[in-house]
Amino acid sequence: MDHPQSIIDHLVKHRDRDRLVDTAFLLIDAPSPTGQAGKACDRLAEILEADGFEVERPDGGHPAAPAVVVRFETGKPGRTLQFNGHLDTVHLPFVPARVEDDLLRGSGASDMKGGVAAAVEALRMLRDSKALTAGSILLTAHDLHEAPWGDGRQLDRLIREGIVGDAVLLPEPLSDVLPTDGRGCATWKVRISRTGPPVHEVMRPMDEPSVIAAGAELVARLKRWDAKLAEIVHSICGSASVFIGQIHSGEIYNQYPQECRLEGTRRWLPGTDGRATETEFRTLLADLARESGTRIECDWLFIRDAFHLDQADPFVSIFQASYQQISNRRIPLGGKPFVDDGNSFWALAGVPAITHGPRAGGQHTVAEWADIADMERVALLYALTAVAYCASGRAQTEDEEWPQPAPYPI
Ligand SMILES: [Zn+2]
């Protein structure tokens with residue numbers, strides 16, 4: 001089930017590399033640390049309005065940076081394909097946009113303003129080429145993605161308000177595999193404390209609990225728990241885990257400290273209850289507090305639920321075929337190493353979501369880059385996938401033929 005080559009040629013004629021790079025520059029040069037992406041959202045809305053699209057700005061419970069929504073509709077029945085991206089970036093010093101050796105650089109170039117620019121270019125290609133013959137495109141962009149400053153609640157709200165397509169493409173920096181499964185993730189911060197003041201070790205009351213001993217016991221219990229989790233292996237994702245990334249206590253060698261702090265993550269497999277794991281974690285802490293005579297507090301931040309892609313959905317085979325036709329190779333199936341908005345689309349709406357963006361790197365550093373030629377490829381891939389996916393009716397099965405393209409002006 002190949003696309004006619006003429007559709008690809010026709011779409012390519014309506015792709016504009018300079019316009020794509022200009023869009024990415026404008027987005028990058030609107031700094032947008034998570035929680036403060038208002039300027040970048042406004043900038044994207046201005047770009048789309050200047051292009052003649054009608055833009056909606058639902059705030060999704062975050063009025064400081066209302067989301068950006070465009071519905072491009074053909075008026076003919078068919079599916080809605082959503083292009084979704086986040087415009088916020090991690091909290092690092094701002095790096096302005098520049099091009100160097102055909103690479104786009106600057107804050108968010110990789111994660112994920114380069115990808116959002118490619119999705120916008122796909123939208124323009126579909127509109128200008130008139131290649132989309134049925135169904136519609138829903139473009140959404142938002143804030144509050146990057147943890148720990150954001151936890152996805154703006155997008156969650158949009159999904160719950162029904163601003164969601166039948167399938168979603170996410171141009172995050174992942175291009176070498178088609179991710180079918182991913183673990184859910186929460187971060188945790190634990191503070192173990194005792195009631196007495198800081199005191200010289202020889203002056204301490206002998207019944208005063210040791211926060212360092214309690215911290216060490218917590219490390220040992222979490223290690224045993226992690227080993228138990230490792231017994232169950234998912235073929236794509238590996239195992240669930242409980243991980244400790246930091247432990248701190250004490251001021252000098254002979255002072256009896258008042259608190260011990262630990263931080264880490266908890267990841268779980270698709271098909272398991274991510275919320276229940278918080279209860280399990282808190283029960284473990286309550287047992288330890290009682291046994292050690294310490295007080296234990298915990299901040300638990302639920303980041304995203306686990307991810308699964310239903311490979312029986314026709315969206316998947318259409319995406320694979322479109323990829324193969326453009327790249328002359330099959331995209332291998334694989335795991336999603338990080339959590340992203342696709343996890344929310346699957347967990348909250350049961351919608352198939354494919355994370356696929358430009359070849360890029362340096363995400364979560366000050367040295368982000370995205371390959372401009374690959375941004376062009378992604379724009380074409382998104383447009384081509386949309387042509388076939390949107391035109392096929394909701395009742396269509398994966399065995400049916402590709403829709404016949406309507407005649408279009410060259
Ligand atoms: Zn991202």
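All of these numbers come straight from a predicted model, not from anything done at the bench.

**Re the packing of helix α2 (residues 17-28) against helix α10 (residues 372-391)**
Between α2 and α10, the least distance of the axes is 10 Å, while the angle of their chain directions is 105°. One finds that α2 runs roughly perpendicular with respect to α10. On the side of α2, the interface is formed by Arg17, Leu20 and Val21, while α10 contributes Ile372, Met375, Glu376 and Ala379. Its residues assigned to classes, the contact of α2 with α10 shows five nonpolar, no polar and two charged.

**So, the sheet that holds strand β8 (residues 178-182)**
The pairing of strands in a sheet comes from backbone hydrogen bonds and takes either a parallel or an antiparallel form. Judged by pairing direction, the sheet is mixed, and its three strands sit side by side in the order β15-β8-β16 without closing on themselves. Where the open sheet ends on each side, the last strands, each with one partner, are β15 (307-308) and β16 (333-336). Here two bridges tie β8 to β15, and the two strands are oriented antiparallel to one another. Each residue of the ladder has a partner; that of Asp181, found in β15, is His308.

**A look at the domain arrangement of the protein chain**
Considered domain by domain, the protein chain is made up of domain 1 (5-181 + 306-391) and domain 2 (184-304). A C-alpha centroid distance of 37 Å is found between domain 1 and domain 2. Facing 14 residues of domain 1, the contacting portion of domain 2 comprises 15 residues. Going through the elements one at a time, β8, β15, β16 and α9 (341-349) are the ones with two or more residues in the side of domain 1 that touches domain 2. Within the side of domain 1 that touches domain 2, the residues separate by chemical class into five nonpolar, seven polar and two charged.

**A look at helix α6 (residues 211-229)**
Its 19 residues give α6 an end-to-end C-alpha distance of 26 Å, which sits within 8% of 27 Å, the value for a rise of 1.5 Å per residue. Where the residues of α6 are buried, they touch β9 (184-193), β11 (241-249), β13 (259-268) and α7 (276-292).

**Here we look at the sheet that holds β11**
Pairing is antiparallel in the open sheet, where four strands are placed in the order β11-β13-β9-β14. Single-partner strands in this sheet number two, and they are β11 and β14 (295-304). Sheet twist, expressed as the average angle between the axes of neighbouring strands with direction ignored, equals 15°. Pairing of β9 with β13 involves ten bridges; the strand directions are antiparallel. Pairing of Trp188 across the sheet is with Gly264, part of β13. Helix-sheet contacts for α6 involve β9, β11 and β13, and the interaxial angle to β11 is about 165°.

**Remarks on the pairing of strand β2 (residues 68-73)**
Where strand β1 (residues 55-56) lies against β2, two bridges are found, and the strand directions are antiparallel. Looking at the pairing, Val55 lines up with Val70 of β2.

Reading the values: rules and limits
All chains use their own residue numbering, which begins from 1 and follows the written sequence. Residues qualify for local features only when their pLDDT is at least 70, as the model is predicted, and side-chain atom pairs are given and counted only at 80 or more; totals for whole chains, interfaces and linings, by contrast, use all residues. Only C-alpha atoms enter the line fits that serve as axes; for helices the fit covers just the stretch in contact. Angles between N-to-C directions range over 0 to 180 degrees. The helix count covers DSSP runs of H or I at least four residues long, the strand count covers runs of E at least two residues long, and both are numbered beginning at the N terminus. Oblique is the label for any angle not under 35 degrees, not over 145, and not in the 65 to 115 range, which are roughly parallel, roughly antiparallel and roughly perpendicular in turn. Any residue pair is listed as a contact if its two C-beta atoms, each placed from the backbone, are within 7 Å. Under this grouping Gly is polar, as are all residues other than the nonpolar Ala, Val, Leu, Ile, Met, Phe, Trp, Tyr, Cys and Pro and the charged Asp, Glu, Lys and Arg. When DSSP finds two or more bridges between two strands, those strands count as paired. Throughout the structure description, domain borders are defined by an automatic or database domain assignment. Take the residue count of a helix, subtract one, and multiply by 1.5 Å to get its expected span.

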